[in-house]
Structures are given as structure tokens and as C-alpha cells.
Amino acid sequence: MSGKVETHLLDGVLVLSIDSPPVNALSHGVRVGIEEGLRAAMDDPSVDAIVLTGLHGKFSAGADISEFSAAPKPPHLPFIIDAMEEATKPIVAAIDGIALGGGLELALGCHARVASSAAKLGLPEVLIGLIPGAGGTQRLPRLVGVEQSLEIMVSGRPVNAAKAHAMGLVDEVVEGGALDAAVQRAQQLAQVPESWSSVGEKNVNTEDITNSYYDNYMQSIAKKTRGQIAPGRIVEAVKGSTRLPLEDGLKLERDLFLQCMKSPESKALQHVFFSERAAPQLPSMDASAQPREIKKIAVIGAGTMGGGIAMNFASRGIPVRMMDVDAQAVERGLAVVRGNYARGIKRGKMTEAQLEALMGLFEPTTDYAELADVDLVIEAVFEDMDLKKRVFSELDRHCKPGAILATNTSTLDVDEIAASTQRPADVVGLHFFSPANIMRLLEIVRGAATSDSVMATVIKLAKHIGKVGVISGVCYGFIGNRMLEGYARESGLLLLEGASPQEIDRAIFDFGFPMGPMAMGDLAGIDVGARVREERRKAGSLPDDPRYGVIADKLNELGRFGQKTGRGFYHYESGSRAPVPDAEVNELIAEQAQKLGIEQRAIRDAEIVERCLFPLINEGARILDEGIALRPGDIDVVWIFGYGFPAYRGGPMYYADQLGLDHVYERICHYSETLGNEFGYWTPSPLLERLAKEGKGFLER
Ligand code: NAI
């Protein structure tokens, strides 16, 4: 039995402290401990009141989701919370750190709540496809009203103590630990019986809730919550709280909770939750490997990526030496950084003084000699092997021993770059995604020689700067871009075969991506993709297929670079990002198809989705087989956080498992027979074939 509850008596108040490190999850042991503590308090005449709190600086992060795989053992949380509401002595929650999910529901079962000013409170169940299931949907509206409850539960985002206080979720906010103030409050409540009551006895304030409120609300969240059932169930439950007595509302909540629990979306989102946490783990890592201290960093190349990368560190208070070829280039880069931060001022997230303090962390330089004291360098110069090698040999000469040298290359061989230094063990790939200050994915590319201590350092650092780190081995394009190749290739071929850009994009959008491949091409820049193909053509690593990327290449020749020129696969009205179909593009496609002798036909959505996604899954299988990705979940995390694969489908590998690998294999074989060629476009990966024949999924390989 994991986790427990400590009790001690303090001036007539029995303090129950959850002790279940690291986050005080409400495991079976904790539930038993709380129940026993409550019973002891009720039975003991020397106890006047109870304070419920948590050790380790946290109240509780909620349910222990590792217990989700089996039916939880009693006592169940809702049962404990009911007992708390019915207690004959007042219970006060002392909330330090976090009260999330079941943790906050437990606090809602108390008769008052005191929070430390640094505390965060929230109901994030929606993020794993669930609704709060221990009374949260019924009690929260009784305290803070319908609108705030929906915001908290549908976004899943926690609120800080000040905000929680303003909306009435907590009764008191204190600096430092919450315990002393909670004990005092408990004593005061105990003295005046009519001064306390349970949340469940209150009514929800529905003054501002009109008849059309819920329909309008559902419409307002429709786009963001596409494909998910939990947000709608939260709305239903909250609606219930306004018209049902608590007991019936709790029954409704239970029904809705169980519907969500059984849904494929919730299972997929739970897979993503666990995969995200597993992705930065390197099982082969030497247990004695110590992370190095990173107090100061340098970024080489103040361009698109360099600026965004640097912002991540400055935002965490880490000073950054910013280097480029000349002073003007650094200045230009820093002006972009300033502009990005300044947007935070407009949105009221930052003050002028904070902006200046952040900018003060940047030190411009053009001289390698000034990098002698940094602990980590991230190189983000042009994508050119000779240039990168030159930069790395300079870094090797000037940086102190033990400094980590990282490259943000998106395609080049990290081992070859490492070999241009005398310290390949200190070289690693840190592949950020654009815009680097916003996108959460970070591929951590482990070279053949990269040491465990370097890996331990960058894994820790990724977390520190708020990134989702995924470990990748060295190969062309690493995990994400390597898989993107087949997706992009097939979407281009579909154009030639008769699907219009808008048909392809709509099918992929309907599958759940925020945008399809054509809209994405227009956003990223048609010229950027064309340059990559050109380089690869020169290097002999593109198939010698006249159809490959031909439409995008023609658009590039016409100067249709995408959104930035107002034309690409689509047309964009000035200042708008909304893609408008363009007859000129359709003509160009038809002309190219004719030239290449391709007969155009009507193509169904189902074929579009299979043609775009199955090559991606097939490549994922190769990546797994080669050990480039350590776990199928790592690939899923890359595609969800880096490319917009719908999280509620669990990522490409999980999705393939749900379809059944025998089905995926059979369809790939079908396309191999009908569309296969000497370039191996549809050759099934050996791992996929083996698993399909064994009746297994990627997750059970
Ligand atoms: P960019 O062209 O915007 O910036 C490159 C910067 O490097 C320029 O400011 C340039 O003056 C500077 N530079 C060139 N030679 C230098 C030298 N010898 N010393 C110091 N600075 C030098 O390029 P971008 O897009 O930022 O790409 C940089 C790297 O990041 C490339 O390796 C690219 O493949 C990679 N990357 C790019 C992504 C993107 O979406 N743009 C995404 C992920 C990685």
C-alpha cells in the first residue's frame, strides 16, 4: 500500500497530513489514512476541528492514475468527500503548492480553504479525456458559479491563489505555508457552529445564465475541443449542478464520468500522458551520471531559430550570449526577440520593467573568445555541413572543458558534426521546432559518442525550460521530419491524381489535425521545402521520380512561397491567413498531371487519409526497429507536440494499434501492389509485417 497520512494534534485541531511523495497522489493508502483520521477525529472529544494538508510542500496532485488500470479499491474518494461534508466538526484545507484534480475535490469537501500565495488550484481531468469524478463538477459551481467553473474544467488550466480567492474558491490567501492560518481558522469555526457549512448545501448562482448560455458556450469551444467528448460532458454536469440537488447531481456526474472513462479518447489521452513522461527517460543511462550545472549559455546564429531558442532560456533567468557574423546581425536578431516579448506586454502578461530585465540577460557578441565561460552552446547557423563543422571546431577551441556543444540542425549528421571536435562526448543535438519560443517539442538527438552526463543535463534542462523532451538517435530528419517525408510525398502525388489542395486539407483536418499538408506548406514556406528538396536532390538522396514534389517546386518557381507572398497552394487576401482556393493552382496541377501522363480521378477522403498517414506509420515502424526511437510512445509524443497529430487519437503508433496492425499492413500491401515502385514507396517495414502476422501492436512488441 503506497502513501499514508500523518496525524498530529495541535491545540484541539487534528492535522491530517498527506504523505505520498512526490506529489501526494491520492493512492489507496492515502484514502485509507484520511478515512481513519476523520473517524479518529470524530470519535475523540479532545478534537474540536480538523485541518487537512499535505507534506512535501504540496496539497495533492489528485488521483494516482497508475491505479486506473484496475478498479480502485475502497474507500473511494467520493465516499470520503461525502463523509467530510457530513462531519460534525469543521474541516479546513491548508493548501500549499498544488491542489489538482481529486486533490481540489478533496479541498471542496472541506468547510473552508486557506491557500498559500504560491498555490495553484485546478481540475485538469479533461486533459486525459475525463471529467472530475469526485464531486468537482457539482461543488465547484456552488462556490464560483457556472462561468468560472466551465473555464477551469474545460481548459484544464489551474488558477493561482489570488485568482482563486477573487472568485471565492479559497477563503484566505497567506504568504508562506498555509498550515498556521488554517489551524487558526479551524479553531474559530469550531467555536461558532453556525459559522460553517458544507459546499454541497449551497445553491449555484445562476443569475447571469440565460437559456441560450450553454449552446453558445458549446459553440465557442467547438473548434478547440473537436473530436473530444469530455468537454461536452463537463457542460452537461455543470448544467446539472444548477438544477439538481447535490445527491442527484453526483449521480449524474458519475454516469458522465464513466462514459468518458470508457471512451477511446480518454484511453488515447492517458497513453499520451504516460508517454510524455516516459519520453525523456534513457533506460541505458548510467545511474551515476550527474547533470552538469548550466548557469550561462550561448546561441550561435541569431536568426529565426536562434532568437526563439534563446528566449526559452532568458525566460527562465539564464543569461545568453548571442552570437552572429556581425554586430548588425545580432542586433537584428535581438530586435526580433524584443518584439516577441513585447507582445506579452500587450496581452498584459508582462510589464515594461520585466521586458527590460529579460533583455538585460542577452549579451551580444561576434567573438568566439567571449564564449569561454558558458556551460552550453546551441548552434543555429545555416543548414550547411561545412559551416557547422567550422563553427564546432571554433567552439571546441574556445569553450571551457565540460561545456556542452549542441546543434539545432534539422537534418545533418550529428556524429559528423561531433567528429569535427576533440570532444564528441560533449556534443548533442537539440532540435527545436519553429517557433522555438512557443512549440513545446524538443528532439534530443543522442550521438554515438554523447556521454550520459550530457544526456542527463539536457534532459533536465528541457524540463526546466518547459519543453517536452524526446530522445532520438541519429538519422536523416530524426524522428519527426523523417516521418514527415512520406506524408508530404503522398499528399503531392494525390494532387497529381486528382484530389484538390482543399480536398486533401479538409480530409486531414477532419481526421483531427489543425491543418492539412497544403496549408502547412503555405505556412512554413513553399521556398523552404523546395530548398530542402534541392539539397537532397544534389546529395542524391531523393528518389529520381519526376512526380516527387513537382507541384510545390512549380509553385516555388512562380514565386508562390505561401502565406508570406499571399499565394502558394492557396490565395490569401491581404492581411488574412484564411486559405482561398485558387483556379491557377488547379490549372497548374492538371497541366502537370497531363504532362506526366497521370489520369486524374475523384479520390475519397478515406483514401486521402490512408495515403497520407500509412507511410508515416510505416516509417515510424522502421524508426522503432532501428532503435532511433526508444518507444512507440516517443514517436506519438513527437507527432502530437511537433506536428499537430490529434492527441485524442493517441499519436500515429497508438492509432495504428487501434486500427489493428494486421489491417494497416494489409492496406500498405494493397497500396504496394497498386502504387508500389522501384523507389520502395509502399514497401512494408519488417517490424510492421512481423507484428501484423503475430497479431500484436507496436505497444506490445
Ligand atoms: P536563419 O537563416 O534564420 O538563421 C541563421 C543565422 O545564422 C543567421 O542570422 C546568420 O547570420 C547566422 N550565421 C550564419 N553563419 C554564421 C556563423 N559562422 N557564425 C555565427 N552566425 C552565423 O536560419 P534558421 O531557420 O534559424 O535555421 C538555423 C538552424 O536551425 C538550421 O540548422 C536549421 O536547419 C535549423 N532548424 C530550422 C527550423 C525552422 O523551422 N526554420 C526548425 C528546426 C531547426
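So, a few notes on the structure that sits alongside this text. Here the residue index of a chain counts from 1 through its sequence in written order. Note on the predicted model: pLDDT of at least 70 is required for a residue's local features to be given, and 80 or more for side-chain atom pairs to be given and counted; whole-chain, interface and lining totals, by contrast, use all residues. Only hydrogens and water are set aside; all other atoms, that is, all heavy atoms of the structure, feed into the side-chain values.

Every helix listed is a DSSP run of H or I at least four residues long, and every strand listed is a run of E at least two residues long, numbered separately from the N terminus. Counting secondary structure elements, the chain contains 27 helices and 17 strands. C-alpha atoms define the radius of gyration, and 2.2 Å times the number of residues to the power 0.38 defines the globule rule. Here the chain has a C-alpha radius of gyration of 28 Å; the compact-globule value for 701 residues is 27 Å, and the two agree. Taken over the C-alpha atoms alone, the chain extends approximately 90 × 60 × 55 Å along its principal axes. Each residue is assigned to one of three classes by its accessible area relative to the maximum for its type, calculated with a 1.4 Å probe on protein chains only: buried under 20%, partly exposed between the two thresholds, exposed over 50%. Taken across its 701 residues, the chain has 54% of its residues classed as buried. Taking the contacts inside the chain whose residues are at least 6 apart along the sequence as the reference set, 73% of them involve residues at least 24 apart. For the chain, the distance from the average site of its 73 positive side-chain charges to the average site of its 94 negative ones is 1 Å. Whether two residues are in contact is decided by their heavy atoms, any of which lying within 4.5 Å being enough. Note that His is not counted, nor are the chain ends; the positive residues are Lys and Arg, and the negative ones are Asp and Glu. To locate a charge, the coordinates of NZ of Lys, CZ of Arg, CG of Asp or CD of Glu are taken.

Think of a salt bridge as a Lys or Arg side-chain nitrogen and an Asp or Glu carboxyl oxygen that are within 4 Å of each other. Taken as a whole and judged by the stated rule, the model has 47 salt bridges. The salt bridge partner of arginine 537 is glutamate 534, with a shortest N-O separation of 3.6 Å. Of this pair, arginine 537 and glutamate 534 both sit in helix α20 (residues 526-538), three residues apart, which is roughly one turn of that helix. Residue classification places arginine 537 among the partly exposed positions, given a relative accessible area of 39%. Each of Arg489, Glu490, Glu497, Arg601, Glu607 and Arg611 takes part in salt bridges that share partners, so that together they form one network.

So, on to the site of the ligand. The cutoff for a nearby residue is simple: one of its non-hydrogen atoms must lie within 4 Å of the molecule or strand. Around the ligand, the structure places 20 residues, and the nearest of them are Met305, Asp324, Glu383, Lys388 and Ser410. Polar contacts here mean pairs of N or O atoms no more than 3.5 Å apart (in protein, one a potential hydrogen donor and the other a potential acceptor; neighbouring residues in sequence count only if both atoms are side-chain atoms). Threonine 304 places a main-chain nitrogen or oxygen 2.9 Å from an oxygen atom of the ligand. Note that an oxygen atom of the ligand is positioned 2.8 Å from one of the side-chain N or O atoms of asparagine 408. Accessibility throughout is a Shrake-Rupley quantity obtained with a 1.4 Å probe, and a residue counts as covered only by protein chains that appear here. Bound to the protein, the ligand loses 77% of the 830 Å² it would expose on its own. Looking at the shell around the ligand, the elements that each hand over two or more residues are α11 (304-314), α14 (385-398) and β15 (427-432). Grouping the amino acids of the shell around the ligand by side-chain chemistry returns nine nonpolar, eight polar and three charged. Under the grouping applied here, Gly and all other residues not named as nonpolar or charged are polar, the nonpolar ones being Ala, Val, Leu, Ile, Met, Phe, Trp, Tyr, Cys and Pro and the charged ones Asp, Glu, Lys and Arg.

This part covers the packing of helix α21 (residues 550-557) against helix α22 (residues 583-595). Helices that pack against each other are described as a pair by the angle of their axes relative to one another and the distance between those axes. Here, axes are lines fitted to C-alpha atoms. For helices the fit covers the stretch in contact, and angles between N-to-C directions go from 0 to 180 degrees. Packing of α21 against α22 brings their axes to within 10 Å, and their N-to-C directions diverge by 125°. Between α21 and α22, the angle falls in the class oblique. Here the hand of the crossing between α21 and α22 comes out right-handed. Touching Val550, Ile551, Lys554 and Leu555 of α21 are Val585, Leu588, Ile589 and Gln592, all from α22. Tallied by class, residues from the contact of α21 with α22 come to six nonpolar, one polar and one charged. By the definition adopted for this analysis, an angle is roughly parallel if under 35 degrees, roughly antiparallel if over 145, roughly perpendicular if from 65 to 115, and oblique otherwise. Crossing handedness: left-handed means the near helix sits turned counterclockwise from the far one by under a right angle, and right-handed means the same turn made clockwise.

Taken residue by residue, α21 has Val550, Ile551, Ala552, Asp553 and Leu555 as its buried positions. On its buried face, α21 is in contact with α17 (478-497), α20 and α22. Just beyond α21, the residue with positive phi is glycine 559, at close to 75°.

Moving on, we get to the nonpolar core. Residues grouped as a nonpolar core are buried Ala, Val, Leu, Ile, Met, Phe, Trp, Tyr and Cys residues, joined through side-chain atoms within 4.5 Å. Residues Ile479, Ile551, Phe569, Leu613, Ile635, Trp639 and Phe698 are the most contacted members of the largest nonpolar core, which totals 74 residues. No other element matches the ten residues that helix α23 (residues 605-625) contributes to this core. When neighbours within four sequence positions are excluded, isoleucine 551 is seen to be in contact with Leu495, Leu496, Phe569, Leu588, Ile589 and Gln592. If you look at the next biggest cluster of nonpolar residues, it comprises 66 residues, including Ile18, Ala41, Val146 and Val235.

A few words now on the sheet that holds β15. Whether two strands pair comes down to DSSP finding at least two bridges between them. Pairing is mixed across the open sheet formed by eight strands, whose spatial order is β12-β11-β10-β13-β14-β15-β16-β17. Each edge of the open sheet carries a strand with a single partner, namely β12 (362-365) and β17 (468-472). When the angles between neighbouring strand axes are averaged without regard to direction, this sheet yields 25°. Relative to strand β11 (residues 320-323), strand β10 (residues 297-300) runs parallel, the two being bridged by four bridges. Considered in β11, the bridge of valine 299 is made with methionine 322.

Here we come to the layout of surface pockets. Residues are called lining when one of their atoms sits within 4 Å of a cavity or pocket point, these points coming from a 1 Å grid over the protein atoms alone, where a cavity is a set in which a 1.4 Å probe fits but cannot get out and a pocket is an open set with protein on both sides within 12 Å along at least five of seven lines. Grid points are joined across faces, edges and corners, and a volume is the space filled by probe spheres set on the points. If you add up the space inside the second largest pocket, you get close to 940 Å³. If you trace the second largest pocket, you find 20 residues lining it, with Ser315, Arg347, Lys349, Asn437 and Ile438 closest to the centre. A per-element tally of the lining of the second largest pocket places helix α12 (residues 327-346) first, with four residues. In the lining of the second largest pocket, the residues fall into seven nonpolar, seven polar and six charged.

Let's shift gears to the environment of isoleucine 300. Structurally, the position occupied by isoleucine 300 is in strand β10. On the basis of relative accessibility, which here comes to 3%, the residue isoleucine 300 falls in the buried class. Put simply, isoleucine 300 and threonine 407 are 107 residues apart on the chain and 9.4 Å apart in space, counted from C-alpha to C-alpha. Here isoleucine 300 is in contact with Met323, Leu371, Val377, Ile378, Glu379, Ala380, Val381, Val391 and Leu395, once residues within four sequence places are set aside.

The next point concerns a positive patch on the surface. Patch criteria: residues need more than 30% relative accessible area and no salt bridge. Like-charged residues are merged within 9 Å; nonpolar side chains of Val, Leu, Ile, Met, Phe, Trp and Tyr are merged within 5 Å. A cluster of basic residues, Arg343, Lys346, Arg347, Lys349 and Arg577, forms a positive patch on the protein surface. Within the secondary structure layout, lysine 346 lies in helix α12. Residue lysine 346 is classed as exposed on the basis of its relative accessible area, which comes to 76%.

Under the pairing criterion, centres of Phe, Tyr and Trp rings, with the six-membered ring standing for Trp, must be within 6.5 Å; the plane angle then separates stacked pairs below 30 degrees from edge-to-face pairs above 60, leaving the rest tilted. Per the counting criterion, the structure on display carries 14 aromatic pairs. Between the aromatic rings of phenylalanine 433 and tyrosine 643, the centroid separation amounts to 5.7 Å while the plane-to-plane angle is 80°, which identifies the pairing as edge-to-face. Taken together, the positions of phenylalanine 433 in the loop between β15 and β16 (441-445) and tyrosine 643 in helix α24 (residues 632-643) put the pair 210 residues apart, joining distant regions of the chain. We classify phenylalanine 433 as buried; its relative accessible area is 8%. In this structure tyrosine 643 comes out as buried when scored by relative accessible area, which is 11%. A ring pair is formed by tyrosine 671 and tryptophan 682, whose centres lie 4.8 Å apart and whose planes are at 35°; its orientation type is tilted. With tyrosine 671 in helix α26 (residues 661-675) and tryptophan 682 in the loop between α26 and α27 (686-694), this residue pair connects regions lying eleven residues apart in the sequence. Like tryptophan 682, tyrosine 671 is buried. Counting every residue linked through ring pairs, the aromatic cluster contains Phe433, Tyr487, Phe511, Phe513, Trp639, Tyr643, Phe645 and Tyr655. Over the aromatic face of phenylalanine 509 sits the side chain of arginine 226, whose NZ or CZ is 3.7 Å from the ring centroid. Note on geometry: a ring has a charge over it if NZ (lysine) or CZ (arginine) is within 6 Å of the ring centre and within 35 degrees of the ring normal.

Looking now at the state of the cysteines. Pairs of cysteine sulfur atoms within 2.5 Å are what we label disulfides. Counted according to the given criterion, the structure contains zero disulfides. Between cysteine 612, a cysteine without a disulfide, and cysteine 669, which holds the nearest cysteine sulfur, the sulfur-to-sulfur distance is 19 Å.

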